[in-house]
Amino acid sequence: MPTTRQLLTSLQTARFVAHGFLRLDGVVPRELNEEALGVFAAGLPSVPYGTPVPKAFPEGSFARRLVDLPAVAGALESLVGPDPTVDHHHVHTREPREGSAQPLHADALIDLRTDAFDVQLMYYPQAVTADMGGTLIVPGSHLRRINESDTGRYQNLRGQTRLTCPAGTVVLLHHGIWHGGRRNESDTVRHMYKIRFNPTVPQVRLWDTGDLHDPAVGEELGHTFPWYEPATGRLEIHNRIRLWRSLTADPDFDVEYWATRITNRPARRRSA
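Reading the values: rules and limits
Numbering of residues begins from 1 in every chain and follows the order in which that chain's sequence is written. With the structure being a predicted model, the display of local features is reserved for residues of pLDDT at least 70 and the display and counting of side-chain atom pairs for 80 or more, all residues being used for whole-chain, interface and lining totals. The basis for the side-chain values is all heavy atoms of the structure; hydrogens and waters are excluded. What makes a salt bridge here is a side-chain nitrogen of Lys or Arg within 4 Å of a carboxyl oxygen of Asp or Glu, nothing more. A run of H or I in DSSP counts as a helix once it spans at least four residues, and a run of E counts as a strand once it spans at least two, with each numbered from the N terminus. Summary of the burial criterion: residues with accessible area below 20% of their type's maximum are buried, those above 50% are exposed, and those between are partly exposed, where the area comes from a 1.4 Å probe applied to protein chains only. The set of buried Ala, Val, Leu, Ile, Met, Phe, Trp, Tyr and Cys residues whose side-chain atoms join them within 4.5 Å is what this entry labels a nonpolar core. Whether two residues touch is decided by their heavy atoms; if any such pair falls within 4.5 Å, the residues are in contact. Lines fitted to C-alpha atoms define the axes, with helix axes restricted to the stretch in contact, and inter-axis angles between N-to-C directions lie between 0 and 180 degrees. For classification purposes, an angle smaller than 35 degrees is called roughly parallel, one larger than 145 roughly antiparallel, one from 65 to 115 roughly perpendicular, and anything else oblique. Should the near helix be turned anticlockwise from the far one by less than a right angle, the crossing is termed left-handed; should it be turned clockwise, right-handed. Just so you know the grouping, Ala, Val, Leu, Ile, Met, Phe, Trp, Tyr, Cys and Pro go in nonpolar, Asp, Glu, Lys and Arg go in charged, and all remaining residues, Gly too, go in polar.

Asks: What am I meant to see in the pattern of salt bridges here?
Replies: Pairing of side chains with opposite charge becomes possible as their charged atoms draw close. Inspection of every chain in the model, using the stated rule, returns 15 salt bridges. With a shortest N-O distance of 2.8 Å, D118 and R196 are connected by a salt bridge. Of this pair, D118 sits in the loop between strand 3 (85-94) and strand 4 (119-124) while R196 sits in strand 9 (residues 190-198), and the two are 78 residues apart along the sequence. Residue classification places D118 among the buried residues on the basis of a relative accessible area of 6%. Assessed through its relative accessible area of 7%, R196 is described here as buried.

Right, here's the structure in full:
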């Protein structure tokens, strides 16, 4: 995937690690948004699991031009690296006044990887207003491992967000984020195009690390969300520390000494 090197900063990458998603508002040009509706209506060709991007999306195709946009390509390279494979892609359509919503879920079986993750791209060719429903996301939920729709019985969590956005917005999500498509109560058909990317390289320092030691990075990684429990919620910070250590190849990174104190194993001294 070519890129003009519009890579994410360390602060943006830390925000992804803390929140589980990253918004790129209005980065897709108007002409591509207008083309998208016709492409979706005609139907997209299927893509076998694990297909390299150049084979999945041939040069000049709509999807290829979408993922080759500098802001999109740079963000993807920063998170999954160069030459990812396409897990699958799908257009999600919500009809007007549909009267139903997806249950809260994650798009995966229980995934125990602590040093790797897939990224899901969600593209919105139209402006999404509150009455169109949008995608519900629970920030900071991505590292709490669940099995698909285990969270489906949950109706409202403090701090959840329902996406409203301008046309041409792309959202990149960690594969474990809790989310669901909301009911469309407008008179307009709503479209969202999703592509899931699998990394093919170790996800280590793939972004612009020039600000890696900015104190704001640690502050971002220590951010909490309203739905976190006083005790169990602390484990989410610990999970982020473990992921950040892996992404930066820095085994000593910590937030307020949380991980250091529980991994401290002093070497036994030899007797004189």
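Asks: Would you take a moment to explain the nonpolar core for this structure?
Replies: Generally speaking, soluble globular proteins have nonpolar side chains that are buried together. F57, L121, Y123, L172, Y193, F197 and W244 are the most contacted members of the largest nonpolar core, which totals 50 residues. Among residues more than four places away in sequence, those in contact with Y193 are F40, L44, F57, F62, A63, L66, H89, H90, V91, L121, M122 and Y123. Counting residues in hydrophobic clusters, the runner-up holds twelve residues, among them F21, I137, I177 and M192.

Asks: I tried to follow the packing of helix 1 (residues 10-19) against helix 7 (residues 233-248) on my own but got confused; where do I start?
Replies: Where helix 1 contacts helix 7, the two axes come as close as 10 Å, and the packing angle between them is 140°. The angle between the axes of helix 1 and helix 7 places the two elements in the oblique class. Regarding helix 1 and helix 7, the two cross each other, and that crossing is right-handed. In this structure, helix 1 contributes S10, T13, A14, V17 and A18 to the contact, and helix 7 contributes R240, L243, W244 and L247. Within the contact of helix 1 with helix 7, the residues separate by chemical class into six nonpolar, two polar and one charged.

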